[in-house]
Amino acid sequence: MKRVNWIIHLVANGVRCGECGEAENGFLPNMCDAHTHGMDKYGHQEFQMVLMIGPELICYILNELGLRVQAGERFKDGESVSEIIKDFDIRLKEEESDGKKLLRVILPDAQGCFPEDAQCAEYYNQQHYPMRMLYPNRSIVN
Ligand SMILES: [Zn+2]
């Protein structure tokens, strides 16, 4: 039976820290740091998402990838992955976060454009930024 045995951390503007009660506001608008912990159980890199499309959708996408890893699939930098979202493939890009390399999910915009495309919609075009640019006013250590 398929069972989610990893966790998802979502660090985003307006989310209060469980430790200190402070609300986070250090991210660029509409950007966040959502990432898995537990893919290492499968000898796999963790996944990350940085576009704040809402916690439900973020968890859905990260869990779909996790379940595919659990079922034996392996993903790598530069890969396009189908059957995660409707109509388009997503892409995976290796990025460093907290000194660790993980696979960042890059979502296409409604037109199917990715960040390197000049037509790519606002916010979607920031998904390839390094974390220090997405999170310039970091206040919480996660
Ligand atoms: Zn975390």
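The preceding data block contains the structure.
Here goes a summary of the coordinates provided. Not measured: the values here are computed from a predicted model. (Residues numbered from 1 in each chain as written. Predicted model: local features only at pLDDT ≥ 70, side-chain atom pairs only at ≥ 80, totals over all residues.)

This brings us to the nonpolar core. Looking at soluble globular proteins, one finds that nonpolar side chains tend to be buried together. Counting 28 residues, the largest nonpolar core has Met-31, Cys-32, Phe-47, Met-49, Leu-51, Leu-62 and Val-105 as the members making the most contacts within it. Mapped by element, the contributors of at least two residues to this core are β2 (31–37), β3 (47–51), α1 (55–70), β5 (90–97) and β6 (100–106). The biggest single contributor to this core is α1, with five residues. Excluding its chain neighbours within four sequence positions, the residues that come into contact with Phe-47 are His-35, Thr-36, Met-39, Leu-62, Leu-65, Leu-102, Leu-103 and Val-105. (Core = buried A, V, L, I, M, F, W, Y, C linked by C-beta atoms within 7 Å. Buried ≥ 20, exposed ≤ 12 C-beta atoms within 10 Å, placed from the backbone. Helix = DSSP H or I, 4+ residues; strand = E, 2+ residues; numbered from the N terminus. Contact = placed C-beta atoms within 7 Å.)

For the rest of this paragraph, the subject is α1. Given 3.6 residues per turn, any residue in an α-helix points the same way as the ones three and four places further on. With 16 residues, α1 ought to run about 22 Å at 1.5 Å a step, and its terminal C-alpha atoms sit 22 Å apart, in line with that. Of the positions making up α1, those classed as buried are Ile-58, Ile-61, Leu-62, Leu-65, Gly-66 and Val-69. Relative to the axis of α1, the buried residues are bounded by an arc of 135 degrees and lie together on one face. Packed against the buried residues of α1 are β1 (7–12), β2, β3 and β6. Gly-72 lies just past α1 and shows a positive phi near 110 degrees. (Expected span 1.5 Å × (residues − 1). Arc of directions from axis to C-beta.)

Time to look at unusual backbone geometry. Even without being glycine, Asp-87 reaches a positive phi, approximately 75 degrees. Residue placement: Asp-87 occurs in the loop between β4 (80–81) and β5. The residue Tyr-123 is not glycine, and still its phi comes out positive at about 75 degrees. If you trace the backbone, Tyr-123 turns up in the loop between β6 and α2 (131–134).

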